[in-house]
Amino acid sequence: MPRRTEIAKLLSEKPIGTEVKVMGWVRSFRARRFLILNDGSCFQNLQVIVDFERFDEALLRKIQFHACVAVQGQLVESQGKDQEVELLAENIELLGACPADEYPLQPKRMTMEFLREHAHFRMRTLTLNAVFRMRHGLAYAIHKYFHDNGFYYLHTPIITANDAEGAGEMFHVTTLDLACVPKTEDGQVDWKQDFFERPTNLTVSGQLEAEIGALALGKVYTFGPTFRAENSNTTRHLAEFWMIEPEMAFYDIHDNQDLAEDFVKYLISFALKHYPDELTFLDQRLRNEEQHLPKDKRRPMGLIEMLEFVLAHDFVRITYTEAIERLRRSKPFKKGRFQFEPQWGADLQAEHERYLVEKEFKKPVIVRDYPQQIKAFYMRQNDDDQTVAAMDVLFPYIGEVIGGSQREERHERLQQRIQAMGIPEKELWWYLELRRFGGCPHSGFGLGFERMVQFITGMGNIRDVIPFPRTPGNAEF
Ligand code: 4AD
Ligand code: MG
């Protein structure tokens, strides 16, 4: 009895004429003859030829969609033109039945909404299978990129006492009994009795701690989960998402932009080089999806074409002030088609970002030097005293994929800003001390991992590029 071989190994080594054994899930069983198996080791399937007269009728009936089987037989050159090798089944063993009359998934088109409700099965579909293989590949590429470029992976805490972004969108972490919260004499929550003897939350960003690392190790990055209790039910927001945050000593805002562009281009070229099967499938899938849309709603390019296009062009770099000017001169603004008026001092809305990228420049755009009142306290103030050295990288269909900045390294300036924004200074004492003791100019940014995976896979909803999405009202699996 041969030992089990992974399908990936069989398809690459093609040991024709040998006896092999495979295990996998049934993708289809056409004409009770062509059994298509996938075991997850590669995106391709193995075709198994079944001579139904040789097998028990009761067994054959159980070879249903997504059932799990072990098949032993001889690997031969394929008669068909779709594959080079196939397996002639000599022995079939049912490892796990999958009764079609009860199984919620069907071998036909299912909506993404339906699949989300069956997150324990959805990775078995071709689409989600391709997406999660790609997600893995990109995670690997991120570590490889930074390692090869002299960065150190720094693990920043998930439980923190700070609100790095100052947006107040935090999930509390506590062991207090919520039914009976201890109070101080003046009626406030008595945090002294809590586990950490102070209020704590799940981190919204590892940046502040990454800065500690950068001022010692030079170049560091974080790659971990971040949490935001923003109540936005959009196709771009999750309550739990993964962020990559490089932080570099001696980098100014321009070095920061160069790194951001080089980094995301590396990820795209990695995907094109190492995941051609998945991309070909996802490209075709997107075409099928868009077939039902009116022409002007379809993407002007296919998925792969789009990725190659992004690689081939420099990102446009403009200031926020120029972005506002361009928006105010734009057709959709003049025709009253923007829901929000582009106005100096207000944040760019998704519709503005997408206009700039998809219509005005037709390329990724990096916008920098935003008004200080709409950005976080730690960003470096520019000489105009109105803007800060912030940068957002905007992508087609996605909008903002990266947010970053040069950090305010001048102690006094930073302290003033913290006070002006009403942030409790005592919570940031260590952050301020980094400016008093051996500080230096430094910069960094955060890439939203899921948004990048979305861009590369062409998935329309961020919930379909993370295995178990967390959104308002959803934490089932
Ligand atoms: O722009 P943000 O808020 O920047 C920071 O958190 C900085 N501390 C990063 C830094 O400079 N080290 O978030 C960075 C990126 C966004 O550009 C976006 O891609 C993603 O994180 N992001 C989200 N992704 C999914 N769901 C959400 N709710 C997100 N919020 C931000
Ligand atoms: Mg941002």
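Bear in mind that the values here come from a model prediction, so they are computed numbers and not experimental data. (Residues numbered from 1 in each chain as written. Chains lettered and ligands numbered in written order. Predicted model: local features only at pLDDT ≥ 70, side-chain atom pairs only at ≥ 80, totals over all residues. Heavy atoms only, no water.)

(A) View of the sheet that holds strand β8 (residues 172-173). Spatially, 3 strands are ordered β7-β9-β8 in an open sheet, and the strand pairing comes out antiparallel. Where the open sheet ends on each side, the last strands, each with one partner, are β7 (159-160) and β8. Bridge count between β7 and strand β9 (residues 200-202): 2 bridges; the pairing is antiparallel. For I159, the partnering residue across the bridge sits in β9 and is L202. (Pairing = 2+ DSSP bridges. Helix = DSSP H or I, 4+ residues; strand = E, 2+ residues; numbered from the N terminus.)

(B) Inspection of the side chain of Q372 at higher detail. Mapped onto the elements, Q372 comes out in the loop between β13 (365-371) and β14 (387-395). Q372 sits in the buried class, given a relative accessible area of 18%. Setting aside its immediate chain neighbours within four residues, Q372 contacts Q381, D385, Q386, T387, V388 and R417. (Buried < 20%, exposed > 50% of the residue type's maximum accessible area, 1.4 Å probe, protein only. Contact = heavy atoms within 4.5 Å.)

(C) Representation of the packing of aromatic side chains. Evaluated as defined, the whole model comprises 24 aromatic pairs. With centroids separated by 5.1 Å and ring planes inclined at 70°, the aromatic side chains of F223 and F449 adopt a geometry described as edge-to-face. You can see F223 sitting in strand β10 (residues 219-227) and its partner F449 sitting in helix α14 (residues 449-457), a full 226 residues away along the chain. As far as burial versus exposure is concerned, F223 and F449 are alike and both buried. Centre to centre, the rings of F377 and Y431 are 5.9 Å apart; their planes meet at 75°, and the pair counts as edge-to-face. With F377 in the loop between β13 and β14 and Y431 in helix α13 (residues 429-436), this residue pair connects regions lying 54 residues apart in the sequence. Each member of the pair, F377 together with Y431, is buried. Cluster of aromatic residues (ring-pair linked, three or more members): Y140, Y145, F146, F151, Y153, Y221, F263, Y266, F270 and F445. Of note, R33 hangs over the ring of F34, and the distance from its end group to the ring centre comes to 5.7 Å. The cationic tip of R435 hangs over the ring face of Y431; the distance from NZ or CZ to the ring centre is 4.0 Å. (Phe/Tyr/Trp six-rings, centres within 6.5 Å; stacked < 30°, edge-to-face > 60°. Lys NZ or Arg CZ within 6 Å of the ring centre and 35° of its normal.)

(D) Spatial organisation of the site of ligand 1. Lining the immediate surroundings of ligand 1 are 24 residues, of which E165, Q207, E230, E245 and E400 lie closest. The backbone of L238 places a nitrogen or oxygen atom 3.0 Å from a nitrogen atom of ligand 1. Y378 is positioned such that a nitrogen or oxygen atom in its side chain is 3.5 Å from a nitrogen atom of ligand 1. Burial of ligand 1 by the protein chains amounts to 93% of its free accessible area of 620 Å². (Near = heavy atom within 4 Å. Polar contact = N/O pair within 3.5 Å; in protein donor to acceptor, adjacent residues only side chain to side chain. Areas by Shrake-Rupley, 256 points an atom, 1.4 Å probe, with all protein chains shown as cover.)

(E) Structural context of the pairing of strand β4 (residues 68-77). For β4, the tally of buried residues reaches 8 of 10 residues, placing the bulk of the element in the interior. Bridge count for strand β1 (residues 19-30) against β4 is 7 bridges, and the pairing is antiparallel. Within β4, the position partnered with W25 by the bridge is C68.

(F) Structural detail: the nonpolar core. In terms of nonpolar packing, the biggest core is built from 91 residues, with V71, F263, F395 and I456 touching the most fellow members. If near-sequence neighbours (up to four positions away) are discounted, F263 is found in contact with I142, Y145, F146, I244, F445 and L447. Counting residues in each nonpolar core, the second largest holds 31 residues, with A323, A376, L414 and L432 among its members. (Core = buried A, V, L, I, M, F, W, Y, C linked by side-chain atoms within 4.5 Å.)

(G) Here's a closer look at helix α8 (residues 303-312). Restricting attention to buried positions, one finds in α8 the residues L303, M306, L307 and V310. The buried residues of α8 occupy one face: seen down the axis, they fall within an arc of 100°. Where α8 is buried, its residues touch α6 (253-274), α7 (276-290) and α14. (Arc of directions from axis to C-beta.)

(H) The arrangement of the pattern of salt bridges in detail. Under the counting rule described, the total for this entry stands at 29 salt bridges. Linking D464 and R116 is a salt bridge whose minimum nitrogen-to-oxygen distance equals 2.8 Å. Of this pair, D464 sits in the segment after α14 while R116 sits in helix α3 (residues 112-116), and the two are 348 residues apart along the sequence. Comparing D464 with R116, the two get one shared label, buried. When the shortest N-O distance is used, the salt bridge between K375 and D392 registers 3.4 Å. With K375 in the loop between β13 and β14 and D392 in strand β14, this pair connects stretches of sequence that are 17 residues apart. (Salt bridge = Lys/Arg side-chain N within 4 Å of Asp/Glu carboxyl O.)

(I) Geometry of unusual backbone geometry. Despite not being glycine, R32 shows a phi value in the positive range, around 55°. If you trace the backbone, R32 turns up in the loop between β1 and β2 (34-38). Residue classification places R32 among the partly exposed residues on the basis of a relative accessible area of 29%. One non-glycine residue, Y397, lies in the positive phi region at around 70°. Of note, Y397 is situated in the loop between β14 and β15 (399-406). According to the relative accessible area criterion, Y397 is buried, its value standing at 10%.

(J) Structural context of the sheet that holds β4. Strand order in the closed barrel formed by 5 strands is β1-β2-β3-β5-β4, with mixed pairing between adjacent strands. Across the sheet, the mean angle from the axis of one strand to that of its neighbour is 55°, orientation sign disregarded. (Axes fitted to C-alpha atoms, helices over the stretch in contact; angles between N-to-C directions.)

(K) Spatial organisation of the pairing of strand β11 (residues 240-249). Within β11, 8 of the 10 residues are buried, which leaves it mostly tucked inside the rest of the structure. In terms of strand pairing, β10 meets β11 through 9 bridges, oriented antiparallel. Note on β11: the bridge partner recorded for K219 is M248. In the sheet, β11 pairs with strand β16 (residues 442-448) via 5 bridges, with the strands oriented antiparallel. Opposite M248, over in β16, you have S443 as the bridge partner.

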